[in-house]
Amino acid sequence: MHTDYRFLAPDNKKQSRSCSCATPQAIGNLTNINHTPELELLFSPKLKHMAVLKILEYPDPRLRKKAAVVEAVDNAIKKLVEDMLETMYQAPGIGLAANQVNVQKRVIVIDISETRDNPLVLINPELITSGQDVKGEEGCLSVPGYFEPVTRKDRVLVKALDEQGSKIELNADGLLAVCIQHENDHLEGKLFVDYLSSLKRSRIRRKIHKTPQGGH
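What this report covers is the structure whose coordinates are included nearby. (Residues numbered from 1 in each chain as written. Predicted model: local features only at pLDDT ≥ 70, side-chain atom pairs only at ≥ 80, totals over all residues. Heavy atoms only, no water.)

1. Structural notes on unusual backbone geometry
Cis peptide bonds are those with omega within 30 degrees of zero, and the linkage from Tyr58 to Pro59 qualifies with 10°. Residue position: Pro59 is located in the loop between α1 (37–42) and α2 (75–90). Cis geometry marks the peptide bond from Ala91 to Pro92, where omega comes out at -5°. Tracing the sequence through the fold places Pro92 in the loop between α2 and β3 (95–97). Residues other than glycine seldom take positive phi values, yet Arg116 does so here, at roughly 60°. Along the chain, the position of Arg116 falls in the loop between β4 (107–110) and β5 (120–140). The exposure class of Arg116 is buried, given its relative accessible area of 11%. The phi torsion at Asn124 lies on the positive side, around 55°, for a residue other than glycine. You can see Asn124 is positioned in strand β5. By relative accessible area, Asn124 is classed as buried at 16%. (Helix = DSSP H or I, 4+ residues; strand = E, 2+ residues; numbered from the N terminus. Buried < 20%, exposed > 50% of the residue type's maximum accessible area, 1.4 Å probe, protein only.)

2. Observations regarding the nonpolar core
Counting 20 residues, the largest nonpolar core has Ile110, Leu122, Val158, Leu170, Ala172, Leu176 and Ile180 as the members making the most contacts within it. Breaking this core down by element, the ones donating at least two residues are β4, β5, β6 (143–161), β7 (167–173) and α3 (174–187). Excluding its chain neighbours within four sequence positions, the residues that come into contact with Val158 are Leu122, Pro125, Glu126, Leu127, Ile168, Glu169, Leu170 and Ile180. Listed in part, the 19 residues of the second largest apolar core include Val70, Met84, Val101 and Val107. (Core = buried A, V, L, I, M, F, W, Y, C linked by side-chain atoms within 4.5 Å. Contact = heavy atoms within 4.5 Å.)

3. Topic: the pairing of β5
Across 4 bridges, the pairing between β4 and β5 is antiparallel. Bridged to Val107 within β5 is Ile123. Looking at chain direction, β5 and β6 are connected through 13 bridges and run antiparallel. Bridge pairing in β6 links Lys135 to Thr151. (Pairing = 2+ DSSP bridges.)

4. Description of the pattern of salt bridges
A side chain of one charge can pair with a side chain of the opposite charge when the charged atoms of the two come close. Throughout the structure, instances matching the rule amount to 10 salt bridges. With a closest N to O distance of 3.4 Å, Glu188 and Lys66 form a salt bridge. Of the two residues, Glu188 is situated in the loop between α3 and α4 (198–210) and Lys66 in the loop between α1 and α2; the sequence distance between them amounts to 122 residues. Note on Glu188: relative accessible area 35%, which makes it partly exposed. Across the pair Glu188 and Arg106 runs a salt bridge, and its minimum N-O distance is 2.6 Å. A residue pair is termed long-range when its members are at least 10 positions apart, and Glu188 in the loop between α3 and α4 and Arg106 in the loop between β3 and β4 qualify at 82 residues. (Salt bridge = Lys/Arg side-chain N within 4 Å of Asp/Glu carboxyl O.)

Encoded structure:
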């Protein structure tokens, strides 16, 4: 099965968004996640106190570092989550891992909603994949401007902590499952280009080196 995970931004301009993956499809089933008005306010991308972080770009060696387990969801981690969400929304993307912004912690933020107001935070995620293999065209905020087909499982069970430090369990399929796998790869120091042939990786690396800063 082949799925194109590229999609148009909400302003309908022809712009591919990366979660690195991408197109708002059905979100998988979520369990034990309570979206309260307070959390919706906390994670509103319009909050001015949030900071936009610099996203590392391939082949930066810092992207190859394995992220460390978060020992406690303290104020520093909550601020990191806020800043990661602001960075992801502005990019724009549908997913971001902490080590993409040079913070070696096991933290992921995702929002595949068309309205860009339904964030999912996964801290110390543990994944069990299942289902069938699906091939979809993926991109990445750390490899801007490049999209290539990648094969992944279409279902995933995730156990993690949320932004308040509470345990959650999530069953995801479709785009959400793909995006979670993509972002979890980042925590292991792996990028979607690692699924490509060495020839394709070399071509991408050469093009990136030839592209002036800010050229994507």
